[in-house]
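Chain by chain, the residues run as shown.
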Amino acid sequence: MADELLIFEQTIEALFLRALSGRLTPECKARLRQAGLDVDQKLRPAYPFDSWMSFLRITAEELFPGEPLEQGTWKLGEAYIEGFRETMLGRAVLSLLRVLGPRRALMRATQNFRAGNNYTESKLKELGPAQFELWMNEVGPYPSFTAGIIHAGLRVAGAQAIFIETSGYDGHACTYRINWSEASVSSGVAGSGDSKAAKRSGSIISL
């Protein structure tokens, strides 16, 4: 893993300039600016990982007040995919996921996440048909944010009835137990209405 964990500009762009465009209140922007992110100025090429985590916490608190932080950061993870698909890189990556399907999409987790940072490492274990364990070396204090990304990405790849459960989380690394039902690729579009039926209990994300 890299000595200094960095989040690249395109990650910030996807979430804050694309997905959340028009949704950030003046209060949220002010708090982000104080934490090191000015969304009204040209973005820096990279941001420290700890700053990125602060940006997520602040935004979840501001956009989803009264909701558990876990739920707010999960929603930001899903929103990230919506914003990512509006970038040139995101269009290419998500188009590939549609072709690959859910299983092979998970096999590319390291490459896909490394498009936006310099540190992600992952290991995938197949437990059965459409049942996997995905270990990731660093998800920070908000593993639900990464779970939201995984969920939205799998929908793009053609999965439905997705279930994600976190286990073995130590504050950095996390294992996600994932299963789903196959769907036609044409229905695997991130942001479709099934996310409204989410049922969450503790560290379990089930859709």
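Heads up: the structure comes first, above all this text.
It should be emphasised that the depicted structure is a prediction, and the values quoted were computed from it without experimental measurement.

**Q** So what's going on with the overall build of the protein? Which residues, and what values?
**A** Helix and strand counts for the protein stand at eight helices and eight strands. Burial analysis of the protein (207 residues in total) assigns 48% to the buried set. Long-range pairs, those at least 24 residues apart, make up 66% of the contacts in the protein between residues at least 6 apart in sequence. Here the protein has roughly 9,600 Å² of accessible surface; of this, 51% comes from carbon and sulfur atoms.

**Q** Go over the packing of helix 3 (residues 49-63) against helix 4 (residues 69-84), please, and point to the residues and values.
**A** Packing of helix 3 against helix 4 leaves a shortest axis separation of 9 Å and a crossing angle of 105 degrees. Viewed along their axes, helix 3 and helix 4 adopt a mutual orientation that is roughly perpendicular. Note on element contacts: helix 4 touches helix 3 through L69, G72, T73 and L76, opposite L56, R57, T59, A60, E61 and L63.

**Q** Mind laying out the packing of helix 2 (residues 26-35) against helix 3, listing which residues take part and the relevant values?
**A** Each pair of packed helices can be described by the angle between their axes along with the distance between the axes. One way to put it is that helix 2 packs onto helix 3 with a least axis distance of 10 Å and a crossing angle of 165 degrees. What the angle tells us is that helix 2 and helix 3 run roughly antiparallel. Once helix 2 is placed against helix 3, the crossing between them reads as right-handed. Contact with helix 2, carried on its side by E27, C28, R31, L32 and A35, involves S51, F55, R57, I58, T59, E61 and E62 of helix 3 and no other residues of that element. Across the contact of helix 2 with helix 3, the residue classes break down as five nonpolar, two polar and five charged.

**Q** Before we move on, can you summarise the packing of aromatic side chains with the specific residues and values?
**A** Inspection of the entire model under this criterion finds seven aromatic pairs. Ring plane angle 80 degrees and centroid distance 6.4 Å describe the contact between F16 and W52, whose orientation is recorded as edge-to-face. Within this pair, whereas F16 is found in helix 1 (residues 9-19), its partner W52 is found in helix 3, the two being separated by 36 residues in sequence. No difference in accessibility class separates F16 from W52, as the two residues are buried. Aromatic side chains F16 and F55 sit 6.4 Å apart centroid to centroid with 90 degrees between the ring planes, which places their arrangement in the edge-to-face category. Of the two residues, F16 is situated in helix 1 and F55 in helix 3; the sequence distance between them amounts to 39 residues. Classification of F16 as buried rests on a relative accessible area of 2%. A residue is classified by how much of its surface remains accessible, and F55, at 0% relative accessible area, is buried.

**Q** Would you mind going over helix 1 in detail, with residue names and values included?
**A** For helix 1, the complete set of buried residues consists of T11, I12, A14, L15, F16 and A19. Along the axis of helix 1, the buried positions cluster into a sector of 160 degrees, meaning they face one direction only. Along its buried surface, helix 1 packs onto strand 1 (6-8), helix 2, strand 2 (46-48), helix 3, helix 4 and helix 8 (143-156).

**Q** So what about the side chain of T120? Which residues, and what values?
**A** Along the chain, the position of T120 falls in the loop between helix 7 (109-114) and strand 3 (122-128). In this structure the side chain of T120 is engaged in a polar contact, spanning 2.9 Å, whose partner is the side chain of N117. Residues within four places of T120 in sequence aside, it is in contact with T110, F113, R114, M136 and N137.

**Q** Give me the lowdown on the pairing of strand 3, citing residues and values where you can.
**A** With six bridges joining them, strand 3 and strand 4 (residues 131-136) adopt antiparallel strand pairing. When the sheet's bridge partners are listed, S122 is paired in strand 4 with M136. Linking strand 3 back to strand 4 in an antiparallel pair, the connection comprises two residues, with A130 at a positive phi of about 60 degrees.

**Q** Before we move on, can you summarise the pattern of salt bridges with the specific residues and values?
**A** Summed over all chains, the structure comprises 11 salt bridges. Note that E13 is salt-bridged to R18, the shortest N-O span being 2.8 Å. R18 sits in the partly exposed class, given a relative accessible area of 32%. Among the charged side chains, a salt-bridge network with shared partners connects R31, R57, E61 and E62.

Rules of the game
Numbers given for residues are sequential positions, taken from 1 along each chain in its written order. Only residues with pLDDT of at least 70 are given local features in this predicted model, and only at 80 or more are side-chain atom pairs given and counted; all residues enter the totals for whole chains, interfaces and linings. Hydrogen atoms and water are omitted, and side-chain values are computed over all heavy atoms in the structure. Working definition: helices are DSSP H or I runs of at least four residues, strands are E runs of at least two. Numbering for both runs from the N terminus. Type-normalised accessible area, obtained with a 1.4 Å probe on protein chains alone, sets the label of each residue: buried when under 20%, exposed when over 50%, and partly exposed for intermediate values. Working rule for contacts: check all heavy atoms of both residues, and any pair within 4.5 Å makes them a contact. Computed by Shrake-Rupley with a 1.4 Å probe, the accessible areas treat only the displayed protein chains as cover when residues are assessed. Angles here are taken between N-to-C directions and fall from 0 to 180 degrees, while the axes themselves are lines fitted to C-alpha atoms, restricted in helices to the stretch in contact. Any angle between 65 and 115 degrees counts as roughly perpendicular, while under 35 counts as roughly parallel, over 145 as roughly antiparallel, and the rest as oblique. Handedness of a crossing follows from how the near helix is turned relative to the far one, being left-handed for an anticlockwise turn of less than a right angle and right-handed for a clockwise one. Each residue gets one label: Ala, Val, Leu, Ile, Met, Phe, Trp, Tyr, Cys and Pro are nonpolar, Asp, Glu, Lys and Arg are charged, and the others, such as Gly, are polar. Ring geometry is summarised as follows: Phe, Tyr and Trp rings, the Trp one being its six-membered ring, pair when their centres sit within 6.5 Å, and such pairs are stacked at plane angles under 30 degrees, edge-to-face over 60 and tilted between the two. This arc corresponds to the set of directions leading from the helix axis out to the C-beta atoms. Distance and chemistry together define a polar contact, namely a pair of N or O atoms within 3.5 Å, with one atom able to donate a hydrogen and the other to accept it when in protein, and with adjacent residues in sequence counting only for side-chain atoms on both sides. When DSSP finds two or more bridges between a pair of strands, those strands are recorded as paired. We define a salt bridge as a side-chain nitrogen of Lys or Arg found within 4 Å of a carboxyl oxygen belonging to Asp or Glu.

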